[in-house]
Amino acid sequence: MIIEATGLKGLKSDLAHLDEVTTKLGFVRWQWEYTRATYDFKMEDKASKSVYFLRVNTRVESGKLESPYAILFLEDAYIGRETFPHGLDYDSPIPESVLKLSKQKLDQLKQLLAD
């Protein structure tokens, strides 16, 4: 599920700052290559015992990843339910508590990137 109207799409940051801010919020940079990176935030719904991941995609505007000076711009934010063994289901319904936490994290990310 793509999360619309986050205010993040198109924001830019250098890699060092983006890594610092996302780490502070509990995100992990999992997938990356020289021109893109994905930041994941893991959430567990205790009622259903399901695990969800909030993901924020980024692309390099200038430089290459692993250079702290590379400039990245944020793309879509989306959420999916973990499936066995290593997949995400983006079509599953998302519990309200998970959506609320996701929106809070995205708002915090937007605020910290604006500083």
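As shown above, the structure is provided for reference.
Residues numbered from 1 in each chain as written. Predicted model: local features only at pLDDT ≥ 70, side-chain atom pairs only at ≥ 80, totals over all residues. Heavy atoms only, no water.

### Observations concerning the overall build of the protein
Put simply, the rule is: Secondary structure counts use DSSP, requiring at least four H or I residues in a row for a helix and at least two E residues in a row for a strand, with both numbered from the N terminus. We take the radius of gyration over the C-alpha atoms and set the globule estimate at 2.2 Å times the residue count to the 0.38 power. Relative accessibility under 20% of the residue-type maximum defines a buried residue, over 50% an exposed one, and the middle range a partly exposed one, all with a 1.4 Å probe and only protein chains included. Residues are treated as being in contact if the distance between any of their heavy atoms lies within 4.5 Å. The accessible surface values rely on the Shrake-Rupley method and a 1.4 Å probe; as for residues, cover is taken only from the protein chains in view. We treat Lys and Arg as the positive residues and Asp and Glu as the negative residues; His and chain ends play no part in the count. Charged side chains are reduced to one point each, which is NZ for Lys, CZ for Arg, CG for Asp and CD for Glu.
A count of helices and strands for the protein gives two helices and seven strands. Element order for the protein, N to C, with α for helix and β for strand: β-β-α-β-β-β-β-β-α. By the compact-globule yardstick of 13 Å for 115 residues, the protein fits well, its C-alpha radius of gyration being 14 Å. Its C-alpha atoms put the protein at 40 × 30 × 20 Å along the principal axes. Looking at the protein residue by residue over its 115 residues, the buried ones come to 39%. Excluding contacts between residues fewer than 6 apart, the proportion of contacts in the protein whose partners are at least 24 apart in sequence is 56%. On the protein, roughly 6900 Å² of surface is accessible, and the fraction owed to carbon and sulfur atoms is 53%. On the protein, the mean spot of the 16 positive side-chain charges and the mean spot of the 18 negative ones are 2 Å from each other.

### Remarks on helix α1 (residues 15-24)
Convention followed: Each direction from the helix axis to a C-beta atom contributes to the arc, which is the arc of those directions. What qualifies as a polar contact is a pair of N or O atoms within 3.5 Å, subject to a donor-acceptor requirement within protein and to the restriction that residues adjacent in sequence count only when both atoms come from side chains.
Three or more residues of α1 are buried, namely L15, L18, V21 and T22. Looking straight down α1, one finds its buried side chains confined to an arc of 135°; they lie on one side. Pointing more than 90 degrees away from the buried face of α1 are the exposed residues E20, T23 and K24. Measuring from the backbone nitrogen of A16 back to the side-chain oxygen at the start of α1 gives 3.2 Å, which picks out D14 as the cap. Residue G26 follows α1 closely and has a positive phi angle near 95°.

### Some words on the side chain of T58
By secondary structure assignment, the location of T58 is in strand β5 (residues 50-62). Once residues within four sequence positions are removed from consideration, T58 is found in contact with L18, T35, R36, A37, Y39, L72, F73, L74 and E75.

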